[in-house]
Amino acid sequence: MADHARSDHPAVQSQLDRLAQLSPGSDVLGLSRISELLKRLDHPERHLPPIFHVAGTNGKGSTCAFLRAAMQAAGLSVHVYTSPHLVRFNERIRIADKLIDDETLAAVLKEVLDVGEDVGASFFEVTTAAAFLAFSRKSADACIIEVGLGGKLDATNVILNPVACGIAQLGVDHQFFLGNSPEDIAEEKAGIAKEKVPLLTQNYAPNIANRVKHIAEGKKAIWLPRGGAWEWAVYQNELHYRDEAGMIHLPLPRLNGSHQNDNAALAVAMLRHQKAIILPESAYKAAMGWASWPARLQHLSHGHLVRTLPVGAELWIDGCHNPAAAPSTAAFFQDHVEKEKKPFHLIMGMLANKDAEGVLQFFSDSQARFYAVPVPGHACYTPEALASIAEKFGMSARTADNPEKALQLITEEANPDNPPIIALIGSLYLAGSFLDANRTPPE
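Residues numbered from 1 in each chain as written. Predicted model: local features only at pLDDT ≥ 70, side-chain atom pairs only at ≥ 80, totals over all residues. Heavy atoms only, no water.

J.: What is the right way to read the nonpolar core from this model?
T.: One recurring pattern in soluble globular proteins is that nonpolar side chains are buried together. Core analysis: the largest hydrophobic core is formed by 43 residues, its most contacted members being Phe-52, Leu-67, Met-71, Trp-230, Tyr-241, Met-270 and Leu-271. It is helix α9 (residues 259–272) that contributes the most residues to this core, eight residues altogether. With residues near it in sequence (within four places) discarded, Tyr-241 still touches Trp-230, Glu-231, Trp-232, Gly-246, Met-247, Ile-248, Ala-265, Val-268, Ala-269, Arg-272 and His-273. In terms of nonpolar packing, the next biggest core, distinct from the first, is built from 38 residues, Leu-48, Ile-100, Ala-121 and Cys-143 among them. (Core = buried A, V, L, I, M, F, W, Y, C linked by side-chain atoms within 4.5 Å. Buried < 20%, exposed > 50% of the residue type's maximum accessible area, 1.4 Å probe, protein only. Helix = DSSP H or I, 4+ residues; strand = E, 2+ residues; numbered from the N terminus. Contact = heavy atoms within 4.5 Å.)

So this is what it looks like as structure tokens:
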């Protein structure tokens, strides 16, 4: 089981233990297993409120957060399915604005696992079916569903009638499943397109845009890329969004990083190009400040581990784990370090199937002191291998058994007159275990 989920609730843990024993269906993408599960459950996916379906290499979770915040600001109730979780498995499933409670989670997981014992479904397929089952039994005004992997053959793509589909940033990741070329990956992501349904996308390079256009046209979707049907720009510290319906002036997103402008604008575009739910302009404005998405350039200001740091030190956490995400993350810290004029320490752990060199190349000018750590419970780069890559890019590198030990080393060597800026990156699994250790509850 890829996610190594644990729960303090015995009934939930019992079902998570069953998930851990599933056959490796995740090794072969496809819709046959999830389709069979849903058929046996009497097709709960056909009984959901208006669906917003979001794909992308990076930014899809943040886009979902902006969608949810805008809808909630308008007083609407929303089901949300996202992955992975950071600390608790329950984070994946929000039922009418609330995290699924343990009793409901245990019940729906058991129901899906019981009816599908012979299907050979994967961890994600069972979880997706459980989410749809839970959503179908509680009324809500809308449903936001994040693609797990790819799009065309992702378990969430059994949805037949979304009101809007969106694709966030595209880049190379999960090559084993999706292909090695940006065009092949774009084709997989664009596979969520549906006939006569708006497909909102970012502005991609011509080779990628042409592949998305080809897939959208083949599916008779309404392709609406940024720069054509809609656009945004930052002017006088505001996000100015424009489409055929007019222009709206929004506050800049509270989420850190200039790339969040893209994600926020994509969410606005998805909402404004469908007719199932209509939001007032005030809801879009509120969403810019309300949207929250942990472990994405998140500044940790309190918690057990934060209290161990020197006074004035800053601790940041980000899930940056592929070369597509690295430029914006590195640029954020470079700007922040230059502004604050503080030493920069970078803690990193990364799964073995990721491109560590492709990520670290963007930090070569950061003058960071580097600390390599393992990702607990997962196949990952050894700290020694990561340290060697960091040294290749001119960073002074050390290894540590875990992020807590790295923080201890940083604290021991810190200058109290110039406390450091510390960033933990490389894996959402690492971020989740760190947040758990810091005793910071997910938002």
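J.: Help me understand the sheet that holds strand β12 (residues 298–300), please; the structure alone is not making it clear to me.
T.: Two orientations exist for strands paired in a sheet by backbone hydrogen bonds: parallel and antiparallel. Across the sheet, which stays open at both edges, the six strands sit in the order β12-β13-β17-β14-β15-β16 with mixed pairing between neighbours. The open sheet terminates on both sides in strands that have one partner only, identified here as β12 and β16 (396–399). Along the sheet, successive strands turn relative to each other by an average axial angle of 25 degrees, direction set aside. As defined by bridge partners, strand β13 (residues 314–317) adjoins strand β17 (residues 421–425) across four bridges and the pair is classed as parallel. Bridging from a neighbouring strand, Ile-317 pairs with Leu-424 of β17. Across the face of the sheet, helix α13 (residues 383–392) comes into contact with β14 (344–348), β15 (369–372) and β16 while running at roughly 175 degrees to β16. (Pairing = 2+ DSSP bridges. Axes fitted to C-alpha atoms, helices over the stretch in contact; angles between N-to-C directions.)

J.: Sorry, what's going on with the pairing of strand β5 (residues 142–146) here?
T.: Both faces of the sheet carry side chains from a regular strand, because those side chains alternate between them. For β5, a buried count of five out of five residues is recorded, marking the element as mostly surrounded by other parts of the structure. On β5, burial covers both faces: Ala-142, Ile-144 and Glu-146 on one face and Cys-143 and Ile-145 on the other are all buried. Bridge count between strand β1 (residues 51–55) and β5: four bridges; the pairing is parallel. When the bridges of β5 are listed, His-53 appears paired with Ile-145. For strand β2 (residues 78–81) and β5, the ladder comprises four bridges, and the chain directions are parallel. Bridge assignment links Val-80 to a residue of β5, and that residue is Ile-144.

J.: Explain the packing of aromatic side chains to me, please; I cannot follow it from the model alone.
T.: Each aromatic ring pair is specified by the distance between its two centres and by the angle formed by the two planes. In this structure the tally under the stated criterion is seven aromatic pairs. Here Tyr-81 and Phe-124 contribute two aromatic rings whose centre-to-centre distance is 5.8 Å and whose plane-to-plane angle is 25 degrees, an arrangement assigned as stacked. In this pair, Tyr-81 is assigned in strand β2 and Phe-124 in helix α5 (residues 123–136), connecting sequence segments 43 residues apart. The burial state of Tyr-81 is the same as that of Phe-124; both residues are buried. Seen from their ring centres, Phe-333 and Phe-344 are 5.5 Å apart, and the 25 degrees between their planes marks the pair as stacked. You can see Phe-333 sitting in helix α11 (residues 326–340) and its partner Phe-344 sitting in strand β14, a full 11 residues away along the chain. Comparing Phe-333 with Phe-344 shows no difference in burial state: the two are buried. Members of the aromatic cluster, joined through ring pairs, are Trp-316, Phe-332, Phe-333 and Phe-344. (Phe/Tyr/Trp six-rings, centres within 6.5 Å; stacked < 30°, edge-to-face > 60°.)

J.: Sorry, what's going on with the pattern of salt bridges here?
T.: All chains considered together, the criterion is met by 22 salt bridges. Across the pair Arg-18 and Glu-117 runs a salt bridge, and its minimum N-O distance is 3.5 Å. One end of the pair, Arg-18, is in helix α1 (residues 10–20); the other, Glu-117, is in the loop between α4 (102–115) and α5, with 99 residues separating them in the sequence. On the basis of relative accessibility, which here comes to 23%, the residue Arg-18 falls in the partly exposed class. Classification of Glu-117 by relative accessible area gives exposed; the value is 64%. Between Glu-281 and Lys-285 there is a salt bridge, and its shortest N-O distance comes to 3.5 Å. With Glu-281 and Lys-285 both in helix α10 (residues 281–290) and four residues apart, this pair spans about one turn of that helix. What makes Lys-285 partly exposed here is its relative accessible area of 36%. One continuous salt-bridge network, built from bridges that share partners, spans Arg-18, Lys-110, Asp-114 and Glu-117. (Salt bridge = Lys/Arg side-chain N within 4 Å of Asp/Glu carboxyl O.)

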